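Inside the fold
Here's the letter readout for the chains.
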Amino acid sequence: MITSTALDFRRNGKRVVLSKFHLDAVFRKLFMRTYTRYLCIAIAAVLFATSQAFSQTSTGRLEGRIRRAEATVTRIQRELQKVQDENARERSETEKRISLLEEALKASEGRTRQLETGLESRIDEAQTRTDTQFTTVDLSLARSNSFMALGGLALALLSGLLFFFISRRVGAHRHETEEKIRQTRQSLEEENVKLDGKLIAIFERKLASGSEAHGSAATKGEPDHSLALKVADEIVRIEKNLAVMDPEIRGRKQLAASVERIRDNFAAKGYEIVAMLNKPYDDGIRADVNFLPVEKLKKGEQMITKVFKPQVNFQGVMIQTAQVEVSHG
């Protein structure tokens, strides 16, 4: 039922009463909504018509831009897809590597734990064995202290007897060895004496047989001194051996007499072997010299201690220069 001042109706079984003021407000809202709707429709129609007109004039340019935009979008999509694929592949490889590293780390941790367990058990066993050994050693020392004095005395006595026995054996063996060395040296020296005696006999025969040839060569020109120089070198060598040889060596006196005899024969033929061994040296001596410093000599003192080749003169003229070693302080 509707009156001039109010509206009365039922809604969902309930009575609703609207006053005139409320009805006016409702009608105004409905009018504004309807007006706004139609206004929007009109504006949309105008915009549509305008866009149609504008689109007809620039359709060609828009289509070109759209195609270029679509090509750009397609290229960007392809590149994006490539990047996504690469990222997915790298992510997969990285995950695999991480998985392998995690497995290796777990295995290493397991081995480390096993080693730690094994080392701890070994350390405990070693400690136990060490304690047991120390205990055993302490007990052994405690039992052996009473025998140490007797053992030391017995060891000292045994060492003295052993030293005495070894000393006697070493002394006897050394005496035997020295005797064998002396005998061997004596036999070698005797053999050298025999060889040197035979050599001197050969030189004497050569000098005797070469005297006539020497005289005939002298009449023809310069004589040949090669044999005489060789004989002189051998005489000096034999004299050095005689100087250090034991006087009791068999045949030594005969060899010394043979050297004196060949020296006389040498001098008779006009040759002279200049004695230089153990003589003082001065700068006026003509010789090839090798100097050797020696602490036993005084400062500035010089002595000829070795003669490698003697100085040989023939009729007062030097035909061979000496080679000597000079020791100096």
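Overview of the structure. (Residues numbered from 1 in each chain as written. Predicted model: local features only at pLDDT ≥ 70, side-chain atom pairs only at ≥ 80, totals over all residues. Heavy atoms only, no water.)

**A few points about the overall build of the protein chain**
Of the regular secondary structure elements, the protein chain holds four helices and eight strands. Its helices and strands in sequence order give the protein chain the pattern β-β-α-α-α-α-β-β-β-β-β-β, from N to C terminus. Expressed as a percentage of the 329 residues in the protein chain, the buried residues total 15%. The contacts of the protein chain with a sequence gap of at least 6 include a subset with a gap of at least 24, amounting to 65%. Accessible surface, the protein chain: about 26,100 Å² in total, of which carbon and sulfur atoms supply 59%. (Helix = DSSP H or I, 4+ residues; strand = E, 2+ residues; numbered from the N terminus. Buried < 20%, exposed > 50% of the residue type's maximum accessible area, 1.4 Å probe, protein only. Contact = heavy atoms within 4.5 Å. Areas by Shrake-Rupley, 256 points an atom, 1.4 Å probe, with all protein chains shown as cover.)

**Quick notes on the sheet that holds strand β6 (residues 311-314)**
Paired through their backbone hydrogen bonds, the strands of a sheet run either parallel or antiparallel. The antiparallel open sheet is built from three strands, whose spatial order is β3-β6-β7. Of all strands in the sheet, those bounded by a partner on one side alone are β3 (271-274) and β7 (317-320). Across this sheet, the average inter-strand angle for adjacent strands is 35°, counted without regard to direction. Bridge count between β6 and β7: three bridges; the pairing is antiparallel. (Pairing = 2+ DSSP bridges. Axes fitted to C-alpha atoms, helices over the stretch in contact; angles between N-to-C directions.)

**Some words on the environment of Arg252**
Residue placement: Arg252 occurs in helix α4 (residues 252-268). When residues no more than four places from it in sequence are discounted, the contact partners of Arg252 are Val193, Leu242, Met245, Asp246 and Pro247.

**Considerations on the side chain of Glu190**
Note that Glu190 resides in helix α2 (residues 59-220). The exposure class of Glu190 is buried, given its relative accessible area of 13%. What Glu190 contacts, discounting residues up to four positions off in sequence, is Ile249 and Arg250.

**Side note on the nonpolar core**
Judged by nonpolar contacts, the single largest core of 29 residues is most densely connected at Val231, Ile262, Phe266, Ile304 and Val324. Here this core takes eight residues from helix α3 (residues 226-244), the largest share from any one element. Dropping the residues within four chain positions of it, Phe266 is found in contact with Leu207, Ala228, Val231, Ala232, Tyr271 and Ile273. (Core = buried A, V, L, I, M, F, W, Y, C linked by side-chain atoms within 4.5 Å.)

**Description of the pattern of salt bridges**
Applying the stated criterion across every chain, the model contains seven salt bridges. In this structure, Lys309 and Asp233 form a salt bridge, with 3.1 Å as the shortest nitrogen-oxygen distance. Placement of the pair is Lys309 in strand β5 (residues 302-309) and Asp233 in helix α3, with a sequence separation of 76 residues. Its relative accessible area of 30% is what places Lys309 among the partly exposed residues. The class of Asp233 is partly exposed, set by a relative accessible area of 22%. The network of salt bridges with common partners includes Asp196, Glu234 and Arg237. (Salt bridge = Lys/Arg side-chain N within 4 Å of Asp/Glu carboxyl O.)

**Some thoughts on the pairing of strand β8 (residues 322-328)**
In regular strands, side chains alternate between the two faces of the sheet. Counting buried positions along β8 yields five of seven residues, so the element is predominantly enclosed. In the sheet, strand β4 (residues 287-293) pairs with β8 via seven bridges, with the strands oriented parallel. By the bridge assignment for β8, Phe291 is matched with Val326. Here six bridges tie β5 to β8, and the two strands are oriented antiparallel to one another.

**What about the packing of α3 against α4?**
In contact at an axis separation of 11 Å, α3 and α4 are set at 150° when each is read in the N-to-C sense. Viewed along their axes, α3 and α4 adopt a mutual orientation that is roughly antiparallel. Taken as a pair, α3 and α4 cross one another with a handedness that is left-handed. Along the contact surface, α3 presents Ala228, Val231, Ala232, Ile235, Ile238, Glu239 and Leu242, while α4 presents Arg252, Leu255, Ala256, Val259, Ile262, Arg263 and Phe266. (Parallel < 35°, antiparallel > 145°, perpendicular 65-115°, else oblique. Left-handed = near helix turned anticlockwise from the far one by under 90°.)

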